[in-house]
Structure formats: C-alpha cells, structure tokens
Number of protein chains: 2
Amino acid sequence: MVSFAKRMDGITGSIIREIFKLLADPEIISFGGGNPAKESFPLETVKAITREILDESGAGVLQYGTTEGYSSLPRSYITHIAQKKGLTNLKEDNILITCGSSQGLDLTARVFVDPGDVVLVESPTFLGTLQMLNTYQAKLVPVRMDDEGADINDLEEKVKKYRPKMFYVIPTFQNPTGKTLGRARRESIARLAEKYDFIVMEDDPYGDLRYRGEPLPPIKSFDSCGNVVMLNSFSKILSPGLRVGVAVGDPAIIRKMTVAKQSNDAHTSNLTQAIADAFLKKGLLPGHLAEILPMYTRRLDAMLTGIDAYFPETFTHTSPEGGLFVWGELAGGLDMPALLKAATSQAKVAFIPGQYFYLDPAAMGQNTMRLNFSAAAPERITEGLERLGKLIKNAL
Amino acid sequence: MVSFAKRMDGITGSIIREIFKLLADPEIISFGGGNPAKESFPLETVKAITREILDESGAGVLQYGTTEGYSSLPRSYITHIAQKKGLTNLKEDNILITCGSSQGLDLTARVFVDPGDVVLVESPTFLGTLQMLNTYQAKLVPVRMDDEGADINDLEEKVKKYRPKMFYVIPTFQNPTGKTLGRARRESIARLAEKYDFIVMEDDPYGDLRYRGEPLPPIKSFDSCGNVVMLNSFSKILSPGLRVGVAVGDPAIIRKMTVAKQSNDAHTSNLTQAIADAFLKKGLLPGHLAEILPMYTRRLDAMLTGIDAYFPETFTHTSPEGGLFVWGELAGGLDMPALLKAATSQAKVAFIPGQYFYLDPAAMGQNTMRLNFSAAAPERITEGLERLGKLIKNAL
C-alpha cells in the first residue's frame, strides 16, 4: 500500500463526527450540534431568487466562472455586509469568494503556514480549524482565555516567546465558549500583529447573530498594515448548505489565496454565489435577520433559564449575547464523556464534552461542556436541560 | 510583511489566465479556451429539477450536509455512470463527491504527496494540475508521449529510476493533445502501479464526450490493488458552473480524502449535488448526451476539415474521437507566442501556444499549439482557421 503524506499523520477526522453518530436517534434532544436552525432558512425567498437567476442568466451560471467570485457578489458583500461592520475602505481586490469560511481558513493556512510554523490558537477553540492546521503541520500553541476571550498579556508573551506565523481567533460569540472580545482587545490584537509581524486569521461566522448588546468592530477594522485576514460566511445568515463564504484581506494576500483556490477547486459554484448575491442586492438580509434573531433569542433565553433552574449551583456558564453556544464548567469535575454516554442512552439528551476543544483533551477542560441552543424549540430546550440537570446531580 | 509559505514559491497563477485577458475582445474567434459549449447546458432541465428539489427538500438542501456527499448522489453516480464505464464493484465507500474534479485532484495530492516526492506526468499535460502539484512541492518528471498517449516503456523506465509516489494521466481525449490511450496501455499502467506500488491519478473529465469509435474501459477497471484513484466530473456532461465532481478509489484512500475535504471546505454545495443527483436519477444523461454529441461532432469536423484546407502541409495534427481539443505541430517551427499576438490583434483569432503545457516551456513544444473546437459554431471555426492559416503561411 502506498503511504499517505506525512501531513495526514494522526489526522483521522473530528471526534465530533463520531459523537454525531450517537445522535442519530431522533428522540434525542441535542445540544451537541452547531448547525443553524433549519427554521431560519429563507426557503421561499431562495426559491424565488433561484428561479429568477436561472431565468435571467442561466447559461452564465452554468458555465465556468472566475476564481475571484461570480458576478457582483464581491461588490454586494462590500456594500451590504462589510461596510456595516465598519470596513469602509474595501475594494474588490480585497475579496475572495470561498466555499464556506472553512475554505477561507484553509486557503489562509495554505498560503502562509510552512511545516513547523507556530500558530497561536485560543484555548479552547473550534476543532475543525485545529484539524486543518494540523494538516499543514503547524506547531499549535494555546493562548489562555478569561471571561472576555483571549488574554492579551498571555498572547503577547506567547508572541514574544514563539514568534508565530499566525494567531487564529474567533472574536465574536466564540466557538465553543460564546465569549466575545471587547473593543480594546480587538485593537490590541491588530497592534500586536503589526508590531511583531504575524497574520491574524479572524474567523467571524457568528457576528451577525447578535441578540442583544452593541455590535463590535472586527479586528480587521483596526488593521493598518494588512496583517489581518477576516473570514466571513453566509452559512449562519442565509444557508450553510449553499457553501458560500468570503475572505477579506490585503490585495497581495488575496491574490495569493486566489491562486491557491484556482489549484484547489477552480471556483465556487456560480449558482450558489448568485443566490447569495441576489439576496444581498435585493436588500433582504436586514429583514431576514430581524425575522430570525427573535427566534434564536428565545432559544438562548430558554437555555440560560433552564441551566439556572435545573443544573447544580456548582455549574457556572457563559451568558453570550449572540451566536449558537453556551459554555459551562462544573466545579469539582465529572467524567464528561461518561456523562455523555449516560445522557444519550438513558436521558436521551446530548452535549459535547468541552475537553475536545483543547489541544490536549487529556489534560484540559475535563469538567467543561459545550451546549448548543439553536437546534431545538424553547420547550424542548427546557425539557432537555431538566433531564440533563437531573443526570448531572445524580452523578455528583 | 509576513512571508508566504514555501509551497507558494513561484506559484503565480496560470499563464492561460493571462492569455484569457487577450481574448476579452468579443470579435475574436477563440480556439484558446477549454470551456464546454454554453449551448450544451440543459438549462430548461436544470430549471425544472431545481424547482422540484427546493419544493421537495428545500430545508435539507439548505442545511449542512455530510462531507462524503449529499443524499443519493454517490449511489446515482455508481448506477448511472460508473457501471457503464465497466466499474461494476463499487460501493458508496469508494466514492467522494468533490467540488469539480479539480478538488478531487487536489485532495489526492494532499493525502499522498510529501514535498520532494516524485510525480510522473504526461508531457505535455493539463497546466492546472502542474500548478497544483507544485503547491505540494512535488518533483515533477515528464513521461514521453507518442500518438497513442503516454509511452509505456518510458513510463516503466522512469518508474524504475525515480520510484514515484504517483503518475498523473488523462487517458481519454487528453488535454492538451486529444490523444487516447489504448486498452492494452491502460492495463499496463494498472499493472505497473501494482508492481512498483505507486498511485495512478486518473483524470477523466472528457471520456463521455466521445463522437466516434468505441468507449474504452478506465484504468481504474484494471486496478486490482486499489492504487488507482479516478476523478470524474459533471462539468462537461451537465455544467461546470455547478462545481460537482466525483473521486473513485479504494475505501481507505477515500476515507483519508474525506477527512482532508472536511478540513478543506466541509462539503460540496448540497443544492448543486442535488441537481446532479436528480439529473442522473431521472435517467436524463443518455438523452442529453445524444443531444449534445452531434453538435460537438460538427465542430470537431469543421476544425479537422479547416486545418487541412487552410493550414500549411507542414502542420500535422491529432484527429481525436472526442473531447474538446486538437493538438498541432508545425515542422520547422515558428515563434508561437509572437504568432498569438499577431493572431489576436490582426486576425482576431486565438489559440494557446503548446509550450505552456510542458514542464519546461522554454525547451519543449516550441512549434506546437492547442486548438479548442467547442466554443464556436462550425462556420465560425472555418472562418477562424482560414484567418489563422493565412497568418501562419505569411509568417513562414
């Protein structure tokens, strides 16, 4: 048998995938996922838009397109999304349309990370990116988090010590913790990237899912030297199944990522890009958000209320103002993988043990869990938390 | 400025992209492209199918999907395409749906090629794959071709000398030459891969565009040890803009490629996969091919006739039985890039100088050209060849 490349050593797929197999049982109330609510998809709008696109530019949509992005989508993204985030100076050469923000993350790593390069990551962080960075044979170094997200003192210390190529950060409603970096920290990260010359890979899939509080400017908006690459996605504001994302960066970086994408998949589907483009151009995003945010707010509230009602007092948790996740920690500890087994088989409820979001799951996050609140209706959330709370109390 | 990864050294994008900018002039009759004819897209069918999909499973299509492939597309591909190619023993774990065959090629390289690994390539071959393999820092070694494609003796010699990780081959209606490997050579390649333990990356985007002659079994059909990975695409038989392709391989390889794809883009768009799936399940492919093949046949015939009528006798060319390209060579030689400049500016006709399809364009293929016949109607092809022929004769 021909041997696989070294970059694939130990890369066996996400543990969460394995956990998902536990969840196939439809009776299970799942806090384990990370999908947007299927009720949030503007299905009738997508139907109407798609019909129009195929009627008006069907042959163009079906032909090969350019790697950079289809038609006016880069421009529409700038006008309808980026400018509202405070990114006021973008031109089309700052934009690359990607196959979800996943591909944006992958391409950023592809053009920057050599084997052995240090990449700093929040601890805990999104598992998928850890796996992706491992395929580039990066040396991953964790940055400590406090209640407001990445600890800037620890970040600077690690930057000085390791001289990293890159810092991967999810500044808003972070996965898995739901934490949000304040304005001052965002600015500090941009300044550190300039001072010590490293790339900030700013992953912002959840920023528009804000249920209360004031929006914060992206780290990219404080970037004066071009070292911040921001990844956005239509997955949570329109549909993940369409696989449309956006990378925003310095023109030289975007050009390099475009060449890398040309080798990777030539271009993203024109049809799904055209759907995202029309959705923005018709000005439908604000109304759509106004429709779905109250639904998510009710689910978040059901979760926060339910945890306080049914979980032991030794369970502390984040109270995010948006996103999809609440993060909890049980003082004293508990074997979370064992609890998950009991939860799915006996109580018919699921969550993700938090340790899997750490670089070293055997040593970190043993007493933590990630709870997703987007998948179920409020009553089901309450019921699930009651069952899970009972199980935790019994296990203590 | 943060430095790019070494894998991007010298990777600046395809020269063909630059040439395409020369072709923006709509008056130009272009033999330079490689796109399927826009008249070949079953637009009305796609419209009807898409409406049905969104009506019947809209929410499922808009949600995240699995990395392996959406719904029944892997099964439909096996039944409606692979089995007809003589691949009779495939199961779903032999299949990964990709974002065009581009991504299939990229993922195959990603899981197998370490920096410095030798990859043998036909000489000349598809430029995009050369660029992609360069990003994996492969050491590329050319294999000689004769009229029937890759020379098996030269292949075995190079295999013995370089002990390659992989051989990249386009067996049917090759890009850029239009050449097709015979059955015996296909079997020999599979046997060599078994004997010397290397991967055959079999790229088959054009196989179904056969205008005459008998179909040949893929190299994969002679594979008894699992060393052949075959890449297929819906780009030439349905639509390239949808970006749907298929990788076929040994389950252990497909599993590794699936993990790599999970890190790359999570999954291919569900909507475009569902369109390809319905197209197959409704049994529409054979009728669609029956409709478009005669159109392509007329274009190929116009090209072969036109070359013979208008080009000098010292111009020899391939006479492919399918695909999109004819390859020609001018005895004695001519500065093809200079000819291209004159052709686009004076004669308003375009082609691609063949040297760009070689690993060493400064030393190889100086007197060759690739002529695409899929983009223009037969009368336009005839007219373009008359203009180009005149220019060549004047330049001699």
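In this text, all values refer to a predicted model and were calculated from it rather than measured experimentally.

The rules we used
Residues numbered from 1 in each chain as written. Chains lettered and ligands numbered in written order. Predicted model: local features only at pLDDT ≥ 70, side-chain atom pairs only at ≥ 80, totals over all residues. Domains from an automatic or database assignment. Contact = placed C-beta atoms within 7 Å. Helix = DSSP H or I, 4+ residues; strand = E, 2+ residues; numbered from the N terminus. Nonpolar A, V, L, I, M, F, W, Y, C, P; charged D, E, K, R; others polar. Least-squares fit on C-alpha atoms with pLDDT ≥ 70 in both. Core = buried A, V, L, I, M, F, W, Y, C linked by C-beta atoms within 7 Å. Buried ≥ 20, exposed ≤ 12 C-beta atoms within 10 Å, placed from the backbone. Pairing = 2+ DSSP bridges. pLDDT = per-residue confidence, 0-100. Axes fitted to C-alpha atoms, helices over the stretch in contact; angles between N-to-C directions. Parallel < 35°, antiparallel > 145°, perpendicular 65-115°, else oblique. Left-handed = near helix turned anticlockwise from the far one by under 90°.

Student: Would you mind showing me how to read the domain arrangement of chain A here?
Tutor: Note: interface size is frequently given as the accessible area lost on complex formation between the parts. All names here are of chain A. According to the domain assignment, chain A contains domain 1 (6–41 + 287–395) and domain 2 (63–284). For domain 1 versus domain 2, the distance between C-alpha centres works out to 25 Å. In this assembly, 32 residues from domain 1 lie in contact with 33 residues from domain 2. Mapped by element, the contributors of at least two residues to the side of domain 1 that touches domain 2 are helix 10 (285–310) and strand 12 (325–330). Tallying contributions element by element places helix 10 first for the side of domain 1 that touches domain 2, with seven residues. Broken down by class, the residue content of the side of domain 1 that touches domain 2 amounts to 18 nonpolar, eleven polar and three charged.

Student: Can you walk me through the relation of the copies chain A and chain B in this structure?
Tutor: There are two copies of the chain, and a rotation about an axis plus a shift along that axis relates them. Overlay of chain A on chain B (RMSD 0.0 Å): rotation 180°, translation along the axis 0.0 Å. These values place the two chain copies in the arrangement generated by a two-fold rotation axis. Mapped onto chain B, 100% of the interface residues of chain A are again interface residues, and the two copies thus contact each other with one and the same surface.

Student: Just to check I follow, could you spell out the nonpolar core for this structure?
Tutor: Inside soluble globular proteins, nonpolar side chains tend to come together where they are buried. Grouped together as the largest cluster of nonpolar side chains are 231 residues, with contacts concentrated most on Val200 and Ile275 of chain A together with Ile275 of chain B. Among the elements that take part in this core, helix 10 of chain A stands out by supplying eight residues, more than any other. Ignoring anything within four residues of it in the chain, the contact list for Ile275 of chain B reads Val46, Ile49, Thr50, Ile53 and Leu242 of chain B.

Student: Help me understand the pairing of strand 2 (residues 95–98) of chain A, please; the structure alone is not making it clear to me.
Tutor: Put simply, side chains in a regular strand alternate between the two faces of the sheet. Residues and elements named next belong to chain A. Along strand 2, one buried face is formed by Ile95 and Ile97 and the opposite face, lined by Leu96 and Thr98, is buried too. Bridge count for strand 2 against strand 10 (residues 245–248) is four bridges, and the pairing is antiparallel. Bridge pairing in strand 10 places Leu96 opposite Ala247.

Student: How should the interface of chain A and chain B be read in this particular structure?
Tutor: Taken together, the contact pairs 62 residues of chain A with 62 residues of chain B. Breaking the side of chain A that touches chain B down by element, the ones donating at least two residues are helix 2 (43–62), helix 4 (100–112), helix 5 (127–135), helix 8 (251–265) and helix 9 (270–281) of chain A. Here the side of chain A that touches chain B is built from residues that sort into 26 nonpolar, 25 polar and eleven charged.

Student: What's the story with the environment of Met166 of chain B in this structure? I'm lost.
Tutor: For Met166 of chain B, the position within the fold is in strand 7 (residues 166–169). Beyond its immediate chain neighbours, meaning those up to four positions away, Met166 of chain B contacts Phe112, Val113, Val119, Phe198, Ile199 and Met201 of chain B.

Student: When you look at the pairing of strand 7 of chain B in this model, what are you seeing that I'm missing?
Tutor: All names here are of chain B. A two-sided burial pattern is seen for strand 7, the buried positions comprising Met166 and Tyr168 on one face and Phe167 and Val169 on the other. Relative to strand 7, strand 3 (residues 118–122) runs parallel, the two being bridged by three bridges. Within strand 7, the position partnered with Leu120 by the bridge is Phe167. In this sheet, strand 8 (residues 199–203) lies alongside strand 7 in parallel orientation, the contact comprising four bridges.

Student: Is there a simple way to explain the confidence of the model for chain A in this structure?
Tutor: Parts of the model with low pLDDT should not have their predicted coordinates read in detail. Looking at chain A, pLDDT values average 96 and 98% of them are 70 or higher. The complex model carries a pTM of 0.97, and its ipTM stands at 0.97.

Student: I tried to follow the packing of helix 4 (residues 100–112) of chain B against helix 5 (residues 127–135) of chain B on my own but got confused; where do I start?
Tutor: When two helices pack together, their arrangement is given by the angle between the helix axes and the distance between those axes. All names here are of chain B. Close contact between helix 4 and helix 5 brings their axes to 10 Å; oriented N to C, the two are set at 30°. Accordingly, the angle class assigned to the pair helix 4 and helix 5 is roughly parallel. The handedness of the crossing between helix 4 and helix 5 comes out as right-handed. For the pair helix 4 and helix 5, the contacting residues are Ser102, Leu105, Asp106 and Ala109 in the first and Gly128, Thr129, Met132 and Leu133 in the second. Residue classes in the contact of helix 4 with helix 5 are distributed as four nonpolar, three polar and one charged.

Student: What is the right way to look at unusual backbone geometry in this model?
Tutor: The general pattern is negative phi for most residues beyond glycine and trans for most peptide bonds. The peptide bond linking Ser123 of chain A to Pro124 of chain A adopts the cis configuration, its omega dihedral lying at 10°. Mapping Pro124 of chain A onto the fold places it in the loop between strand 3 (118–122) and helix 5. Of note, the amide linkage connecting Asn175 of chain A to Pro176 of chain A takes the cis form, showing an omega dihedral of 15°. By the element assignment, Pro176 of chain A lies in the loop between strand 7 (166–169) and helix 7 (183–196). The phi dihedral of Phe173 of chain B falls on the positive side, at around 50°, and the residue is not glycine. Locating Phe173 of chain B in the fold gives a position in the loop between strand 7 and helix 7 (183–196). Owing to 25 C-beta atoms within 10 Å, Phe173 of chain B belongs among the buried residues under this scheme.

Student: Please explain the sheet that holds strand 2 of chain A as it appears in this structure.
Tutor: Sheet strands associate in pairs through backbone hydrogen bonding, adopting either a parallel or an antiparallel arrangement. Residue and element names in this part refer to chain A. Strand order in the open sheet made by the seven strands is 2-10-9-8-7-3-4, with mixed pairing throughout. The sheet is open, and its two borders are formed by strand 2 and strand 4 (139–143), each paired with just one other strand. Here the strands of the sheet are splayed against their neighbours by 20° on average, with no regard to which way each runs. Packing of helix 6 (residues 152–162) onto the sheet brings it into contact with strand 3, strand 4 and strand 7, and relative to strand 4 it is tilted by some 150°. Helix-sheet contacts for helix 8 involve strand 2, strand 9 (228–233) and strand 10, and the interaxial angle to strand 2 is about 30°.

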